[in-house]
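Close look at the chain arrangement
Okay, here's what each chain looks like letter by letter:
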Amino acid sequence: MTLIERLARPELLSMTPYQSARRIGGTGDVWLNANESPFANNEPGYNRYPEFQPTALVENYARYSGVKESQLLASRGADEAIELLIRTFCVPGKDSITICTPTYGMYAISAATCDVAVNKVPLTPDWQLDPQLTDKLNGSSLLFICNPNNPTGSTLTPSQIEPIIAALSDDCIVVVDEAYIEFSPELTMASLIEKYDNLVILRTLSKAFGLAGLRCGFMLANDNIIDLAKKVIAPYPISAPVGDIASNALTLDGVKQMETQVKELNALGYSFFDEISKLHGVNSVYHSGANFVLVRFNDDSWFKKLGDAGIVVRNQSHVETLQYCLRFSIGSDSEMKKLTDTLIRISDSFK
Ligand SMILES: *Cc1c(COP(=O)(O)O)cnc(C)c1O
């Protein structure tokens, strides 16, 4: 048995995926196989079920990410891909996932909704992986590593992650969540999919591509994992308008626009970092490889003071090891100016 066959939920291996009308397909010019309406009341074609995986979308994302089309699954956001992985590889009430905390909250929530246990291995105080991580998995089928990490913004190099994937090649699937990878493109591990059967990469259009409202993400992995996930995902996961808008965003021009905007946001992030590092009451500003910055203040009052000024940020103070921390997304030039001015004003009150 291969690693993937051993780790997959046993009932999935022999299961035939739901045979939707679209999947069975056919040729002809009279389509009466899917109980669709003949009336196209909205856009032409919207009366028909969409393709299981829109061809143009998969082609464009494969080109952008450098993997083969068969190594890709488009999903309703990376969030759906997280849930699909748990539903594909974890037996409820029996299996577990491992996460490196503090990290993105949905891994634990998705696991909980599937009755799957969560094994937490905290990051070191400078947000690096625990040096003994591979010995602390407690038999988990999935290890989630978020890079760049949310909410810390911290980054790991591929040379730090690759030995873990190699060491676990007989034991566990390593899921590298690259939701923010466009802000640190040199860190991507997409090219290692060819080399490791136990590597999965998660991507999204919600962050750098500016399409959070669209709900479109991707799972990148070898065919054996993608084929299993295709058995678990809903029959028509990508709606026709989403497929159309997303494939447009991934044309060469669309990618170029994203890259220009990433440069602008990264520059705004660096100036924000410099400007607030020197303020009274700011204890630490953490280096970030993503489009947000985590800041530790001297007390819990800053969140409310920012809120009173009409600035909504993410309070992380309740998260273990993140006391007095706020996470700031990098917004437009004028939004960052207003944020910085307000932080300076609050800071002056501590002098
Ligand atoms: C935003 C985010 C996601 C979710 O992405 P969607 O495609 O919007 O579902 C996944 N992982 C991390 C680390 C994120 O920050």
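What comes next concerns the included structure. These figures come from a predicted structure and were not determined experimentally.

For the protein, the helix and strand inventory stands at twelve helices and eleven strands. Taken over C-alpha atoms, the radius of gyration comes to 22 Å for the protein, in line with the 20 Å a tight globule of 351 residues would show. Looking at the 351 residues of the protein, the share that counts as buried comes to 51%. For the protein, the share of sequence-separated contacts (at least 6 apart) that also reach a separation of at least 24 residues comes to 70%. As presented, the protein carries roughly 16,700 Å² of accessible surface, and 52% of it is formed by carbon and sulfur atoms.

What follows covers the site of the ligand. For the ligand, the set of nearby residues contains 13 residues, the closest of which are Ala-78, Asp-177, Thr-204, Ser-206 and Lys-207. A distance of 2.7 Å separates an oxygen atom of the ligand from a polar side-chain atom of Tyr-180. Protein chains bury 95% of the 390 Å² of accessible surface belonging to the ligand in isolation. Of all the elements, helix α5 (residues 77–89) adds the most residues to the shell around the ligand, at three residues. Across the shell around the ligand, the residue classes tally to five nonpolar, four polar and four charged.

Let's shift gears to the nonpolar core. Core analysis: the largest hydrophobic core is formed by 56 residues, its most contacted members being Leu-143, Leu-205, Phe-218 and Leu-220. For this core, the domains that each give at least three residues are domain 1 (3–250) and domain 2 (254–348).

Attention now goes to the sheet that holds strand β5 (residues 173–177). One open sheet accounts for seven strands, arranged β1-β7-β6-β5-β4-β2-β3; its pairing is mixed. Unpaired on one side and paired on the other, β1 (72–75) and β3 (117–120) mark the two borders of the sheet. The sheet shows a mean angle of 25° between the axes of neighbouring strands, direction not considered. Summarising the sheet, β5 and strand β6 (residues 199–204) pair through four bridges and their orientation is parallel. Bridged to Asp-177 within β6 is Leu-202. Sitting on the sheet, helix α8 (residues 223–232) is in contact with β1, β5, β6 and β7 (217–220), with an inclination near 30° to β1.

On to the sheet that holds strand β8 (residues 282–285), then. Pairing is antiparallel across the open sheet formed by four strands, whose spatial order is β8-β9-β11-β10. Looking at strand neighbours, the two that pair on one side only are β8 and β10 (314–315), the edges of this open sheet. For strand β9 (residues 292–297) and strand β11 (residues 325–329), the ladder comprises five bridges, and the chain directions are antiparallel. Within β11, the position partnered with Leu-294 by the bridge is Arg-327. Contacts from helix α10 (residues 252–277) reach β8, β9 and β11 within the one sheet, and its direction differs from that of β8 by about 150°.

Here the focus is unusual backbone geometry. Glycine aside, a negative phi is what most residues show, and trans is what most peptide bonds show. Of note, the amide linkage connecting Thr-101 to Pro-102 takes the cis form, showing an omega dihedral of -5°. Residue placement: Pro-102 occurs in the loop between β2 (96–99) and α6 (106–113). Cis rather than trans, the peptide bond between Asn-150 and Pro-151 has omega equal to 10°. Following the sequence through the fold, Pro-151 ends up in the loop between β4 (142–146) and α7 (158–167). Its identity as a non-glycine residue notwithstanding, Asn-35 has a phi of 55°, on the positive side. You can see Asn-35 is positioned in the loop between α3 (21–24) and α4 (55–65).

So, on to the packing of aromatic side chains. Tallied over the entire structure, the rule returns twelve aromatic pairs. Relative to Phe-209, the ring of Tyr-64 has its centre 5.4 Å away and its plane inclined at 85°; by these criteria the two rings are edge-to-face. Here Tyr-64 is found in helix α4, whereas its partner Phe-209 is found in the loop between β6 and β7, with 145 residues between them in sequence. Take Tyr-64: its relative accessible area is 24%, and that puts it in the partly exposed class.

Looking now at the pairing of β3. With four bridges connecting them, β2 and β3 associate as parallel partners. When the bridges of β3 are listed, Ile-97 appears paired with Val-118. Taken together, β2, α6 and β3 constitute a β-α-β crossover, and its handedness is right-handed.

Thresholds, definitions, all that
Residues numbered from 1 in each chain as written. Predicted model: local features only at pLDDT ≥ 70, side-chain atom pairs only at ≥ 80, totals over all residues. Heavy atoms only, no water. Helix = DSSP H or I, 4+ residues; strand = E, 2+ residues; numbered from the N terminus. Rg over C-alpha atoms; globule rule 2.2 N^0.38 Å. Buried < 20%, exposed > 50% of the residue type's maximum accessible area, 1.4 Å probe, protein only. Contact = heavy atoms within 4.5 Å. Areas by Shrake-Rupley, 256 points an atom, 1.4 Å probe, with all protein chains shown as cover. Near = heavy atom within 4 Å. Polar contact = N/O pair within 3.5 Å; in protein donor to acceptor, adjacent residues only side chain to side chain. Nonpolar A, V, L, I, M, F, W, Y, C, P; charged D, E, K, R; others polar. Core = buried A, V, L, I, M, F, W, Y, C linked by side-chain atoms within 4.5 Å. Domains from an automatic or database assignment. Pairing = 2+ DSSP bridges. Axes fitted to C-alpha atoms, helices over the stretch in contact; angles between N-to-C directions. Phe/Tyr/Trp six-rings, centres within 6.5 Å; stacked < 30°, edge-to-face > 60°. Right-handed = clockwise from strand over helix to strand, strands pointing away.

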